[in-house]
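Close look at the chain arrangement
Below are the chains, spelled out letter by letter.
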Amino acid sequence: MGFSVSASAAIIFISFLMAASTLYIAWDNAYTNVQAAQEYWSSLRISQLNTLVSLNSSIGTYRNTSTYYNVTFHIRDSGITMYVPDWSGVYDGKLVTLSDVEDDNVGFLKDYTYVVPGDVLYLNVTYIPLQNTTHNLTLVFGNGCWLRLSWQWNGNRVVLTGLDRGCPTEVS
């Protein structure tokens, strides 16, 4: 003998309920992910709009020998509080770590974790050849914004030849 009509209907109904609950869970997870992405984008955009990092008025220069010099940039945060270990740098086309100066001749003079508005960070670049060539250093912050510095040695001191800052724009 076969199943009765009521037993078959119950199996179909239970299968329908299981499929509906699975679809609801998948829809709810997708909706939660979309909401989280929208919130992240909004907070990132607010962070980018309020980022204001620039070069302070002073640049320290120390000539070590007749073949190279060191320069210290005084970088001022006038915007938002930022987490400094998220920063990265590009010096003359090469990726550099900013945590210490020993590994790639570019680094902060002390260990910075957070920088708050009004703080000045001291970034040292060492063993720069004593030639009249332009050097570039780009600092990229955790939110994608950047500060780009260009300088050269004019025979007596370091001359800043370029200062640029910005943030990525969205693609529409």
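Our subject is the structure listed above.
First things first, this report covers the structure right here in the doc.

Basis of the calculations
- Residues numbered from 1 in each chain as written.
- Predicted model: local features only at pLDDT ≥ 70, side-chain atom pairs only at ≥ 80, totals over all residues.
- Heavy atoms only, no water.
- Helix = DSSP H or I, 4+ residues; strand = E, 2+ residues; numbered from the N terminus.
- Rg over C-alpha atoms; globule rule 2.2 N^0.38 Å.
- Buried < 20%, exposed > 50% of the residue type's maximum accessible area, 1.4 Å probe, protein only.
- Areas by Shrake-Rupley, 256 points an atom, 1.4 Å probe, with all protein chains shown as cover.
- Contact = heavy atoms within 4.5 Å.
- Phe/Tyr/Trp six-rings, centres within 6.5 Å; stacked < 30°, edge-to-face > 60°.

1. So, the overall build of the protein
Looking only at helices and strands, the protein has one helix and eleven strands in total. Scanning the protein from its N terminus toward the C terminus, one meets helices and strands in the order α-β-β-β-β-β-β-β-β-β-β-β. By the compact-globule yardstick of 16 Å for 172 residues, the protein is too spread out, its C-alpha radius of gyration being 28 Å. With respect to the principal axes defined by its C-alpha atoms, the protein has extents near 105 × 30 × 30 Å. When burial is assessed residue by residue, the protein has 28% of its 172 residues classed as buried. Split by element, the accessible area of the protein, about 10900 Å² in all, is 58% carbon and sulfur.

2. Describing the environment of Thr-51
Looking at the secondary structure, you find Thr-51 in the loop between helix H1 (5-49) and strand E1 (53-63). Looking at Thr-51, the relative accessible area reads 15%, which means it is buried. The residues contacting Thr-51, other than those within four sequence positions of it, are Ile-80, Met-82, Phe-141, Asn-143 and Cys-145.

3. Let's talk about the packing of aromatic side chains
On inspection of all chains with the given rule, the structure shows ten aromatic pairs. Aromatic side chains Trp-27 and Tyr-31 sit 5.7 Å apart centroid to centroid with 15 degrees between the ring planes, which places their arrangement in the stacked category. Residue Trp-27 and its partner Tyr-31 are located together in helix H1, separated by four residues, close to a single helical turn. Take Tyr-31: its relative accessible area is 43%, and that puts it in the partly exposed class. Between the aromatic rings of Tyr-83 and Tyr-114, the centroid separation amounts to 5.1 Å while the plane-to-plane angle is 55 degrees, which identifies the pairing as tilted. With Tyr-83 in strand E3 (residues 82-83) and Tyr-114 in strand E7 (residues 114-115), this residue pair connects regions lying 31 residues apart in the sequence. The class of Tyr-83 is partly exposed, set by a relative accessible area of 36%.

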